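Letter by letter, the chains look like this.
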Amino acid sequence: MDLSTLPDLRAGLEIRDIPDGGIVSGRIDAEEAILVRRGDEYFAVGAQCTHYHGALPLGLIVDDTIRCPLHHACFSLRTGAALRAPALDPLSSWRVEQTAGKVFVRERLPEPRPATAGPTRSLPASVTIIGGGAAGLAAADALRREGYSAAITIISADTFAPYDRPNLSKDFLMGTAPAEWIPLRGSDYYVERKIGLVLDARVQSLDLKLRSVQLESGRKIDFHALLLATGADPVRLDIPVSGAAKLLYLRSFDDSRAIVAAAAAAKRVVVVGASFIGLEVAASLRHRGIDVHVVGPERVLFERLLGTELGALVREVHESHGVTFHLGASLARVDGNRVSLSDGSGIEADFVVLGVGVRPNIKLAEQAGLAIDRGVVVDEYLETSAKGVFAAGDIARWPDPHTGDRIRVEHWVVAERQGQVAALNILGRRQRFDAVPFFWSQHYDLTINYVGHAESWDSVEVEGSLAARDCAVTYKRGGRILAVATLSRDLKSLKAERDLESTQVSTP
């Protein structure tokens, strides 16, 4: 953007030209910024979300916060602080002054300082986090931002420090994002914040009475508070395989790198599983010019999640980009480059990517005697059946105040936000987890934003045009809105999230 075309916010704007609740784009020296008015108060912050550089001028003001239209990160207008994931870093912020009927932006304000965590005697002497994914890093980050200064240890089975997992099936696999973009934080971050990061480490056992974690390596780590954020593992198919068959899964950074390496010389690939991950893999491989065949047992894509009309559109988009679907079929066997399906057909392929779902990694929690119900049972504060032991992310089943159900959700943003709330409750804040679930999925130039949670519904309403890929799809049960999926309507998605937040029912 040519910043010279934007108004100079230091030179001042007439108050009468700034609508109440409005967002005015401008520049402050060499930076793009926005000026926001709320009644008689004015705020100036950076114009780009610190997550994926979403355009905040197109965002939504809710009280004294601004929400990003891209992935629903939330920032304080007063300080620029990142309040809710997926953004973790603050916006730039400036002091604003009113005089003679004009508003002027003055000096830059310092970054928000860590809060006071509270009396040391009331805080845990150490926090151990099992899991180096979205929830684990977000929790450690929140603990430090809240002023917690005692020992924090993250134990991760991964060989890499926490990274941007959604990118593995999107830009990185597509070849448009370099490997150095994938880590969520640089190595200096963990050193500066004194966060112990134990990589390539697997927990053998968890002793809740002795408050200790035993690693397979023999190392023992004691804890006072514990967060379980062990995530999920890909479902692995037990199918006959012979010859030089190459079957790949996608969950980790190593998995994505393996697919990238295999794709370098590939001409045709079979993707088993018409899930969001499977179809994002298909789109990324088509971007590389590879012939892609997708195999799935369903007849209509995402029928149970998105409904028949939106599911049909997703299929149409992929087919328009050259993807061949084999629906109503499953993988029977793989012999070298020959992929045999349950319907008797066969496909020649250089390799196979399997994306048939994941299972929550709850074995450790089960062995420790925690309450289990298709996940680790937690209360509204994300605390498990054991005091001082919390769970977040893919494994946590929590009482959702918006549906009245106990739910478990495998979404990146949900995991991060749960990690942040769990951190606050480890510090004794007693903050309920009441965020509305959100996820996004990218298919070529089609992006689906989805807020809420609807495992079942009795009516679907479409506002706008599916054919034009400009619409909002609302899922209802008993006349009550459970979820909204949007195409090309980012502001509508933000407003739906805001409205769903105010809708709460009794929980089990």
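Above: the structure in question.
Reference entry: report on the structure contained in this document. Keep in mind the model is a prediction, meaning the values are calculated, not measured.

**Regarding the sheet that holds strand E35 (residues 459-465)**
Item 1. The five strands lie next to each other as E33-E34-E37-E36-E35, forming an open sheet whose pairing is antiparallel. The two strands at the open ends of the sheet, each matched to only one other strand, are strand E33 (438-443) and E35. For this sheet, the mean inter-axis angle between neighbouring strands, taken without regard to orientation, is 15°.

**Focus on the sheet that holds strand E15 (residues 212-215)**
Item 1. The strand order E14-E15-E16 describes an open sheet built from three strands, whose pairing is antiparallel. Sheet topology places strand E14 (203-207) and strand E16 (220-222) at the edges, where each strand pairs with a single neighbour. If you compare each strand with its neighbour and ignore which way they point, the axes differ by 20° on average.
Item 2. Bridging between E15 and E16 involves three bridges; their strand directions are antiparallel. In the sheet register, Gln214 faces E16, and the bridge partner there is Lys220.

**As for the side chain of His293**
Item 1. Tracing the sequence through the fold places His293 in strand E22 (residues 291-296).
Item 2. For His293, the side chain forms a polar contact with the side chain of His326, separated by 2.8 Å.
Item 3. Sequence-distant contacts of His293, that is, excluding residues within four places in its chain, are made with Arg268, Val269, Val270, Val271, Thr324, His326 and Ile347.

**Section: the pattern of salt bridges**
Item 1. One pass over the full model with this rule turns up 34 salt bridges.
Item 2. Between Arg84 and Glu497 there is a salt bridge, with its nearest N and O atoms 3.9 Å apart. Here Arg84 is found in strand E8 (residues 82-84), whereas its partner Glu497 is found in helix H10 (residues 490-501), with 413 residues between them in sequence.
Item 3. Here Arg84 falls in the buried class, since its relative accessible area comes to 18%.
Item 4. A salt bridge links Arg374 to Asp373, with the nearest nitrogen and oxygen atoms 3.3 Å apart.
Item 5. Here the salt bridges share partners, and the residues they tie into one network are Arg67, Arg84, Arg417, Glu497 and Glu501.

Conventions we followed
Residues numbered from 1 in each chain as written. Predicted model: local features only at pLDDT ≥ 70, side-chain atom pairs only at ≥ 80, totals over all residues. Heavy atoms only, no water. Pairing = 2+ DSSP bridges. Helix = DSSP H or I, 4+ residues; strand = E, 2+ residues; numbered from the N terminus. Axes fitted to C-alpha atoms, helices over the stretch in contact; angles between N-to-C directions. Polar contact = N/O pair within 3.5 Å; in protein donor to acceptor, adjacent residues only side chain to side chain. Contact = heavy atoms within 4.5 Å. Salt bridge = Lys/Arg side-chain N within 4 Å of Asp/Glu carboxyl O. Buried < 20%, exposed > 50% of the residue type's maximum accessible area, 1.4 Å probe, protein only.

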